[in-house]
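Chain residues, written in single-letter form:
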Amino acid sequence: MRPAAIADYSRLLMDRNYLPDALQCARAIVYDIVSRCPCTFLDYGCGRGQLVDWINSKTKGHATGWDPARGGPRPTIEPDWIISCDVLEHIPEDDIPAVLDWMHEHARRGLLLTIANMSDVAKIDGEDVQLHLIRQNMNWWTELMHDRWPGALIEARLICANGDRFAIIVEF
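Residues numbered from 1 in each chain as written. Predicted model: local features only at pLDDT ≥ 70, side-chain atom pairs only at ≥ 80, totals over all residues. Heavy atoms only, no water.

Caption draft 1: Fine view of the side chain of His 106. Structurally, His 106 is set in helix H4 (residues 96-106). Within the structure, His 106 has its side chain in polar contact with the backbone oxygen of Trp 102 (distance 2.9 Å). (Helix = DSSP H or I, 4+ residues; strand = E, 2+ residues; numbered from the N terminus. Polar contact = N/O pair within 3.5 Å; in protein donor to acceptor, adjacent residues only side chain to side chain.)

Caption draft 2: Representation of the packing of H4 against helix H5 (residues 138-148) within the structure. In contact at an axis separation of 12 Å, H4 and H5 are set at 60 degrees when each is read in the N-to-C sense. Between H4 and H5, the interaxial angle falls into the category oblique. Considering how the two elements wind past one another, H4 and H5 form a crossing that is right-handed. In this structure, H4 uses Ile 96, Pro 97, Leu 100 and Asp 101 to contact H5, whose residues at the interface are Trp 141, Leu 144, Met 145 and Arg 148. (Axes fitted to C-alpha atoms, helices over the stretch in contact; angles between N-to-C directions. Parallel < 35°, antiparallel > 145°, perpendicular 65-115°, else oblique. Left-handed = near helix turned anticlockwise from the far one by under 90°. Contact = heavy atoms within 4.5 Å.)

Caption draft 3: How the structure looks around helix H3 (residues 50-58). Taken as a whole, H3 has its buried residues at Leu 51, Val 52, Trp 54 and Ile 55. Across the axial projection of H3, the buried residues extend over an arc of 165 degrees, all falling on one side. (Buried < 20%, exposed > 50% of the residue type's maximum accessible area, 1.4 Å probe, protein only. Arc of directions from axis to C-beta.)

Caption draft 4: Summary view of the pairing of strand S3 (residues 81-85). Of all 5 residues in S3, 5 are buried, a share of seventy percent or more. By the alternation rule, side chains of S3 split into Trp 81, Ile 83 and Cys 85 and Ile 82 and Ser 84, which are all buried. The sheet contact formed by strand S1 (residues 40-44) and S3 spans 3 bridges and is parallel. Note on S3: the bridge partner recorded for Leu 42 is Ile 82. With 5 bridges connecting them, S3 and strand S4 (residues 110-116) associate as parallel partners. Paired with Cys 85 across the bridge in S4 is Thr 114. Handedness of the β-α-β unit built from S3, H4 and S4 comes out right-handed. (Pairing = 2+ DSSP bridges. Right-handed = clockwise from strand over helix to strand, strands pointing away.)

Caption draft 5: Spotlight on unusual backbone geometry. Its identity is not glycine, yet Asp 86 carries a phi of approximately 55 degrees, on the positive side. Along the chain, the position of Asp 86 falls in the loop between S3 and H4. Taking the relative accessible area as the measure of exposure, Asp 86 reaches 10% and is therefore buried. Phi is positive for Asp 125, which is not a glycine, with a value near 50 degrees. Here Asp 125 shows up in the loop between strand S5 (121-124) and strand S6 (127-130). The exposed category is assigned to Asp 125, whose relative accessible area is 65%.

Caption draft 6: The arrangement of the nonpolar core in detail. One finds Leu 88, Met 103, Trp 141 and Met 145 to be the most contacted residues of the largest nonpolar core, which totals 27 residues. Mapped onto this core, the elements with two or more residues apiece are S1, H4, S4, H5 and strand S8 (165-171). A total of 5 residues in this core trace back to one element, the largest contributor, which is H4. For Met 145, the residues in contact, after removing those within four places along its chain, are Leu 100, Leu 113, Ile 154, Ile 168 and Val 170. The next biggest cluster of nonpolar side chains, apart from the first, holds 21 residues, and it includes Leu 23, Ile 33, Cys 39 and Cys 46. (Core = buried A, V, L, I, M, F, W, Y, C linked by side-chain atoms within 4.5 Å.)

So, in structure tokens, the structure goes:
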């Protein structure tokens, strides 16, 4: 993510929350995963840490959060799963391969991604700034992941009936 985008997004971070449908979807999938066995999670782009707090207090799993918009070094842990709720669309398209490769290198079992495919404009210093740098549909993202990891099990689900938000689960 370019430094200016990080700074712009960082200023808005404390004023915004995960949209409830993305968080609820992630919770439901995490609950299903940990019901089979206790797992570790890294929430990539954790914002205020709502999902991390929920996993640590309500499930048998353990979660750590890291938000690139807040800066700091990437964590070196290797969790079972990396979760990223409504984050990837904020990253420039040219940077997505490096982010996905990093996630793949560090997640032992898989990825749980929710992605928003809609416009998200905010006023920053009096200017309208498009926060969603990538607006691609579920098929585009799914094909991208199939191309990167041909042997992975990849499942995509709509979260919103109109296709504006979806979840992709990748099991390596």
